[in-house]
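Descriptive structure summary
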Amino acid sequence: MDQQFFDRNSIEVARDLIGVELDVSGLGGIIVETEAYEPDDPASHSFRGPTPRNSVMFGAPGHAYVYRSYGIHWCLNFVCRPGSAVLVRALQPVRGLAEMEKRRGRADPLLLCAGPGRVCQALGITIEHNGLSLFGPPFAFSPPQVPPLIVTGRRIGISQAVDQPWRFGLSGSPYVSKRFVGRGVPAP
DNA sequence: TTTGTGATGCACT
DNA sequence: GTGCATCACAAAA
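The notes below deal with the structure included here. (Residues numbered from 1 in each chain as written. Chains lettered and ligands numbered in written order. Predicted model: local features only at pLDDT ≥ 70, side-chain atom pairs only at ≥ 80, totals over all residues. Heavy atoms only, no water.)

1. Topic: the environment of Thr-126
Where we set the bar: Strands are runs of DSSP state E lasting at least two residues, helices are runs of H or I lasting at least four, and both sets are numbered from the N terminus onward. The contact criterion used throughout is that any non-hydrogen atoms of two residues lie within 4.5 Å.
With respect to the secondary-structure elements, Thr-126 resides in the loop between helix 4 (116–123) and strand 6 (139–142). Residues Thr-126 and His-73 lie 53 residues apart in sequence; the distance between their C-alpha atoms is 8.8 Å. Those residues within four positions of Thr-126 in sequence are excluded, and the remaining contacts are Val-66 and Trp-74.

In structure tokens, the structure reads:
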């Protein structure tokens, strides 16, 4: 997980993040669901150009883009090439289960990090993390031991470019926010 | 199992 | 004023 990893289009990065362990301040787990957002993508915050909110999406790759969702939740993204980013949608909890349950206020492991808002609540991600580099604390990444099986599908919760298959998941994982249809294929 | 709805902040029209 | 890259919980079916 270096500069080169994120200096690509968000579709490749989103796919290659599946199976990677993400830890934030010692809490986290395996990334099992991501979505890609591209510069020319009407569903992307970057589509209409830089604004105060999305400015880090136009900065250097390998930084965190955090925004408030529906006035209530936070969502964590990894910036790739300018104007593109990957939304972290779900984790398989691995480290700091008790602390994450405490922050979430409930214990169901299948719902602990199943959804972008839940991931941020469990890991303690807030606007304070916006713009931070991913190459040092509080962030830490561990690549998978073996290449995971990847499933794809349509992105969730958007109204534009709804047909793009830019949602990626770990095949068969019960920790995703919503079931994928179809069987997994090995990542290239 | 699926559908509806309130909560709540802010970018943008 | 409108529309969200959401979640939890209630109600319908």
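2. A word on the packing of aromatic side chains
Rule in force here: Between rings of Phe, Tyr and Trp, where Trp is taken as its six-membered ring, a pair exists when centres lie within 6.5 Å; planes separated by under 30 degrees are stacked, by over 60 edge-to-face, and by other angles tilted. For each residue, the accessible area found with a 1.4 Å probe, counting protein chains only, is set against the maximum for its type, and the residue is called buried under 20%, exposed over 50%, and partly exposed in between. Criterion for a charge above a ring: Lys NZ or Arg CZ within 6 Å of the ring centre, and within 35 degrees of the ring normal.
Under the counting rule described, the total for this entry stands at six aromatic pairs. Centre to centre, the rings of Phe-5 and Phe-6 are 5.0 Å apart; their planes meet at 80°, and the pair counts as edge-to-face. Note on accessibility: Phe-5 and Phe-6 belong to one class, buried. Pairwise contacts between aromatic rings join Phe-5, Phe-6, Phe-78, Phe-135 and Phe-141 into one cluster. The lysine or arginine in question, Arg-8, covers the ring of Phe-5, its NZ or CZ lying 4.8 Å from the ring centre. Over the face of the ring belonging to Phe-180 we find Arg-167, whose NZ or CZ atom lies 3.7 Å from the ring centre.

3. Section: the protein's contact with DNA strand C
Stated precisely, the cut-off is as follows: Put simply, a residue is near a molecule or strand once any heavy atom of it comes within 4 Å of that molecule or strand. The definition of a polar contact used here is a pair of N or O atoms within 3.5 Å, where within protein one atom must be able to donate a hydrogen and the other to accept one, and adjacent residues in sequence count solely through side-chain atom pairs.
Near DNA strand C you find 20 residues, and of these Tyr-67, Asn-77, Arg-104, Arg-118 and Gly-157 are the closest. Of what DNA strand C places within 4 Å of the protein, 61% of the atoms are sugar or phosphate. A distance of 3.5 Å is found between a phosphate oxygen of DNA strand C and a backbone nitrogen or oxygen belonging to Gly-115. Listing elements by their share of the surface near DNA strand C, those giving two or more residues are strand 3 (64–69), strand 4 (73–79), strand 5 (85–95) and helix 4. For the surface near DNA strand C, the leading source of residues is helix 4, giving three residues.

4. Looking at the protein's contact with DNA strand B
Quick note on the threshold: Asp, Glu, Lys and Arg are counted as charged, while Ala, Val, Leu, Ile, Met, Phe, Trp, Tyr, Cys and Pro are counted as nonpolar; the rest, among them Gly, fall into the polar class.
Lining the immediate surroundings of DNA strand B are Thr-51, Arg-53, Arg-68, Tyr-70, Gly-71 and Ile-72. Counted by atom, the contact set of DNA strand B within 4 Å of the protein is 48% sugar and phosphate. Here Tyr-70 contributes a backbone N or O atom positioned 2.3 Å from a base oxygen of DNA strand B. For DNA strand B, a sugar or linking oxygen lies 3.3 Å from a polar atom in the backbone of Gly-71. Of the residues that constitute the surface near DNA strand B, the class distribution is two nonpolar, two polar and two charged.

5. Re the packing of helix 3 (residues 97–104) against helix 4
The condition that has to hold: To get an axis, fit a line to the C-alpha atoms, keeping to the stretch in contact for a helix; angles then go from 0 to 180 degrees between the N-to-C directions. An angle below 35 degrees is read as roughly parallel, one above 145 as roughly antiparallel, one from 65 to 115 as roughly perpendicular, and any other as oblique. Here a crossing is taken to be left-handed if its near helix is turned anticlockwise relative to the far helix by less than a right angle, and right-handed if that turn runs clockwise.
Interaxial distance between helix 3 and helix 4 falls to 7 Å at its minimum, and their mutual angle equals 115°. On the basis of their axis angle, the class for helix 3 and helix 4 is roughly perpendicular. As for how helix 3 packs across helix 4, the hand of that crossing is right-handed. Contacts between helix 3 and helix 4 involve Met-100, Arg-103 and Arg-104 on the former and, on the latter, Arg-118, Gln-121, Ala-122 and Leu-123. Of the residues contributing to the contact of helix 3 with helix 4, the split by class is three nonpolar, one polar and three charged.

6. Let's talk about the pattern of salt bridges
What counts, and what does not: Salt bridges are identified by distance alone: a Lys or Arg side-chain nitrogen within 4 Å of an Asp or Glu carboxyl oxygen.
Summed over all chains, the structure comprises 10 salt bridges. One salt-bridge network, held together by shared partners, links Arg-8, Glu-12, Arg-15 and Asp-16.

7. Observations concerning the side chain of Glu-21
Keep this limit in mind: Charge counting treats Lys and Arg as positive and Asp and Glu as negative, with His and both chain ends excluded.
Its location among the elements puts Glu-21 in strand 1 (residues 21–24). Arg-95 is the oppositely charged side chain nearest to the buried, salt-bridge-free Glu-21, at an N-O distance of 4.5 Å. Discounting chain neighbours no more than four positions away, the residues touching Glu-21 are Gly-29, Ile-30, Val-94, Arg-95, Ala-140, Phe-141 and Ser-142.

8. A few points about the side chain of Ser-44
Tracing the sequence through the fold places Ser-44 in the loop between strand 2 (27–37) and strand 3. Judged by relative accessible area, Ser-44 falls into the buried class, the value being 5%. Setting aside residues up to four positions removed in sequence, Ser-44 forms contacts with Tyr-37, Glu-38, Met-57 and Gly-83.

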